[in-house]
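Architecture and fold: a report
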Amino acid sequence: MEDHKKNKAHKLMKLLVKTQMDDYKDAQMLTDYAEEAKELGNTEIASYFAGRAKNRMTTAQELDRHIDSLTREINMSDDDRDGENPHEMYRRTYRECQGEQCEMLKKKLEKIM
C-alpha cells in the first residue's frame, strides 16, 4: 500500500475507533442514568435510557464490520518485523476489553428492564 493510501487508512481507522469508543462510553453513561432512574422509582424513564444504551451498543458493534475491513486492508501491507500487525494486536486486545464491557452493560440493562 502506498504511503498516501496508508495514511488515509490510518486516519479512517482512528475515526472509526473513536466513534466506537464514544458509542461504548455513551452506552455506559446511559446505563448509569437508567439505573439511577430506576432507583428513583421511574421505570418508564429507566426503560427509555436503557433502550438508548442498547442502541448505542448496537451501533458500536456495527462499526466492527468497517474496522475489520480496514484492518484487513492495512494488514496486507503493514506487517511489523515480528510478523504480527500492530492493528491486529490492537483489535484483539480492544475486542477482549469491549467484550467484557458489553457483557457487563447487558447484565445491568437486563436488571433495569
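None of the values given here were measured: they were computed from a predicted structure.

What counts as what
- Residues numbered from 1 in each chain as written.
- Predicted model: local features only at pLDDT ≥ 70, side-chain atom pairs only at ≥ 80, totals over all residues.
- Heavy atoms only, no water.
- Helix = DSSP H or I, 4+ residues; strand = E, 2+ residues; numbered from the N terminus.
- Buried < 20%, exposed > 50% of the residue type's maximum accessible area, 1.4 Å probe, protein only.
- Contact = heavy atoms within 4.5 Å.
- Expected span 1.5 Å × (residues − 1).
- Polar contact = N/O pair within 3.5 Å; in protein donor to acceptor, adjacent residues only side chain to side chain.
- Axes fitted to C-alpha atoms, helices over the stretch in contact; angles between N-to-C directions.
- Parallel < 35°, antiparallel > 145°, perpendicular 65-115°, else oblique.
- Left-handed = near helix turned anticlockwise from the far one by under 90°.
- Nonpolar A, V, L, I, M, F, W, Y, C, P; charged D, E, K, R; others polar.
- Salt bridge = Lys/Arg side-chain N within 4 Å of Asp/Glu carboxyl O.
- Phe/Tyr/Trp six-rings, centres within 6.5 Å; stacked < 30°, edge-to-face > 60°.
- Core = buried A, V, L, I, M, F, W, Y, C linked by side-chain atoms within 4.5 Å.

1. Considering the side chain of glutamine 28
- Inspection of the secondary structure assignment puts glutamine 28 in helix H1 (residues 3-39).
- Since its relative accessible area comes to 17%, glutamine 28 is described here as buried.
- The residues contacting glutamine 28, other than those within four sequence positions of it, are Gln101, Met104, Leu105 and Lys108.

2. Remarks on helix H2 (residues 43-75)
- Taking 1.5 Å per residue as the helical rise, H2 with its 33 residues ought to reach 48 Å, and the 47 Å between its terminal C-alpha atoms agrees with that figure.
- Of all the residues in H2, the buried ones are Ala46, Ala50, Ala53, Met57, Ala60, Leu63, Asp64, Ile67, Leu70, Thr71, Ile74 and Asn75.
- Residue asparagine 42 occupies the N-cap position of H2, its side-chain oxygen lying 3.2 Å from the main-chain nitrogen of glutamate 44.

3. Thoughts on the packing of H1 against H2
- Where H1 meets H2, the axes come as close as 8 Å, and the angle between the chain directions of the two elements is 165 degrees. Relative to H2, H1 is oriented roughly antiparallel. Crossing handedness for the pair H1 and H2: left-handed.
- Across the contact of H1 with H2, the residue classes break down as 22 nonpolar, eight polar and eight charged.

4. Overview of the pattern of salt bridges
- In total, this model carries three salt bridges according to the counting rule given.
- The salt bridge involving aspartate 23 is made with arginine 56; its shortest N-O contact spans 2.6 Å. Within this pair, whereas aspartate 23 is found in helix H1, its partner arginine 56 is found in helix H2, the two being separated by 33 residues in sequence.
- Among the residues examined, aspartate 23 registers a relative accessible area of 7% and is labelled buried.
- Between lysine 106 and glutamate 103 there is a salt bridge, with the nearest N and O atoms lying 3.8 Å from each other. You can see lysine 106 and its partner glutamate 103 sitting in helix H3 (residues 86-112), three residues apart, about one turn around the helix.
- Overall, lysine 106 belongs to the partly exposed group, its relative accessible area being 35%.

5. Re the packing of aromatic side chains
- Tallied over the entire structure, the rule returns two aromatic pairs.
- Ring centres 5.5 Å apart and planes at 55 degrees place the aromatic pair tyrosine 48 and phenylalanine 49 in the tilted group.
- Exposure remark for tyrosine 48: the relative accessible area of 45% places this residue in the partly exposed category.

6. A closer look at the nonpolar core
- Membership of the largest hydrophobic core comes to 14 residues, with the highest contact counts inside it found for Ala50, Met57, Leu109 and Ile112.
- Contributions of two or more residues to this core are made by H1, H2 and H3.
- When sequence neighbours within four positions are dropped, the list of residues in contact with isoleucine 112 reads Thr31, Ala34, Glu35, Lys38, Ala46 and Ala50.
- Counting residues in hydrophobic clusters, the runner-up holds eight residues, among them Ala9, Val17, Leu63 and Leu70.

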